[in-house]
Amino acid sequence: MLSRWKSQILIFLFILASYIESSWTFATFDHSKGNSRQRRAIVSVPETYDLNDFPPDEAPKAVHISVLIFTVDGIKEIAEEISIEMNLRLVWRDERLIDWVASLQNTTTPANNYILVHPSVKDKIWVPDVYFDHLKRIDQPAVLAKPTSLRMYGDCSFRYSARVTIAVSCPMDFHYYPADTQRCDFDLKSYGHTEDKLKLIWRENYGANFAYPVDLQNYYVGLDNQKQFVAKTLSGRTYSGLRYTIILVY
């Protein structure tokens, strides 16, 4: 008799568990489906849009850049290397997407208002091919997600922002060691577009800045901005660039 009750209880628990699992699966699927629709509404660019085509709306294409430096560390004299933590922002326009952006916004939204979209959208649109010269490493501090953001403005401007830590090669002069002054250049360039196609500009002419005074035990830290420069290759091609220099005074 007891074994019969045990069998019935086990059957009941099995049926109950199956019902709960099927209900949970349906709820999860429905929730995921809703999110997918919302995600597609944001990231599905027009079918006629090709991210490999260079935006034709202006020449040269202006890319506005700002750099806000938080820390200067990882100074390795023997390896001739320096690393900094910073916010890097790039702003550009792509008028091919103006109707698409308007469809995601209220058409009366002023140009200086924006919508925040997932950073993965950058993989579906044209982005400037900006890189750091003499880069050794680049990392992003993250807990659950990388600290990046992408804004779309009403005038079809895009602003990409990221918190990154980069390490670059810094040739050092030890002629008066240890009382030397080191100058470490951080060069931003376009990799594939010559200056007649793409031009890098400091955003609002500010250049790079410290978020707050940087104090190191062995060095006084300064910052020098070069507005713009042109990099010339052996083939004679010229590329737009921006440079800021960390100065280390012992």
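Above this note sits the structure.
Here goes a summary of the coordinates provided. This is a predicted model, so every value here is computed, not measured. (Residues numbered from 1 in each chain as written. Predicted model: local features only at pLDDT ≥ 70, side-chain atom pairs only at ≥ 80, totals over all residues. Heavy atoms only, no water.)

The final tally for this structure, using the stated rule, is 11 salt bridges. Ionic pairing is found between E85 and R163, a salt bridge with its closest N-O pair at 3.2 Å. Within this pair, whereas E85 is found in strand β2 (residues 81–93), its partner R163 is found in strand β7 (residues 157–169), the two being separated by 78 residues in sequence. Note that D133 is salt-bridged to K189, the shortest N-O span being 2.7 Å. Taken together, the residues span a long stretch of sequence, with D133 in the loop between β4 (130–132) and β5 (135–139) and K189 in strand β8 (residues 181–190) at a distance of 56 residues. The residues D133 and K189 share a single accessibility class, namely buried. Here the salt bridges share partners, and the residues they tie into one network are K76, E81, K136 and R137. (Salt bridge = Lys/Arg side-chain N within 4 Å of Asp/Glu carboxyl O. Helix = DSSP H or I, 4+ residues; strand = E, 2+ residues; numbered from the N terminus. Buried < 20%, exposed > 50% of the residue type's maximum accessible area, 1.4 Å probe, protein only.)

Reading across from one edge, β4-β8-β12-β11 is the order of the 4 strands in this open sheet, with antiparallel pairing throughout. The outermost strands of the open sheet, each flanked by one partner alone, are β4 and β11 (220–232). Pairs of neighbouring strands in the sheet enclose a mean axial angle of 20°, with direction left out of account. Bridge count for β4 against β8 is 3 bridges, and the pairing is antiparallel. Bridge pairing in β8 places F132 opposite L188. (Pairing = 2+ DSSP bridges. Axes fitted to C-alpha atoms, helices over the stretch in contact; angles between N-to-C directions.)

With that out of the way, let us pick up the nonpolar core. Membership of the largest hydrophobic core comes to 49 residues, with the highest contact counts inside it found for I65, V67, V72, I82, M86, F186 and Y244. For V67, the contacting residues outside a window of four places in its chain are M86, N87, L88, L188, W202, G207, A208, N209 and Y244. (Core = buried A, V, L, I, M, F, W, Y, C linked by side-chain atoms within 4.5 Å. Contact = heavy atoms within 4.5 Å.)

The next subject is the state of the cysteines. Taken as a whole and judged by the stated rule, the model has 1 disulfide. Sulfur-sulfur distance for the disulfide between C170 and C184 comes to 2.1 Å. Between C170 and C184 the disulfide shows an S-S torsion of about -80°. By sign, it is left-handed. Linking C170 in the loop between β7 and β8 with C184 in strand β8, this pair joins segments that are 14 residues apart in sequence. (Disulfide = S-S within 2.5 Å.)

With respect to the element layout, K61 can be found in strand β1 (residues 61–76). Separated by 2.6 Å, the side chain of K61 and the backbone oxygen of R93 make a polar contact. (Polar contact = N/O pair within 3.5 Å; in protein donor to acceptor, adjacent residues only side chain to side chain.)

Turning our attention to the environment of D224. Locating D224 in the fold gives a position in strand β11. When its relative accessible area of 33% is taken as the criterion, D224 is described as partly exposed. Filtering out sequence-adjacent residues up to four positions away, D224 remains in contact with R183, Y244, T245 and I247. Side-chain polar atoms of D224 contact the side chain of R183, separated by 3.0 Å.

So, about the side chain of K189. Look at K189 and you get buried, because its relative accessible area is 13%. Within polar-contact distance, the side chain of K189 engages the side chain of D133 at 2.7 Å.

Take it as geometry only, folks, not as evidence of what the structure does.
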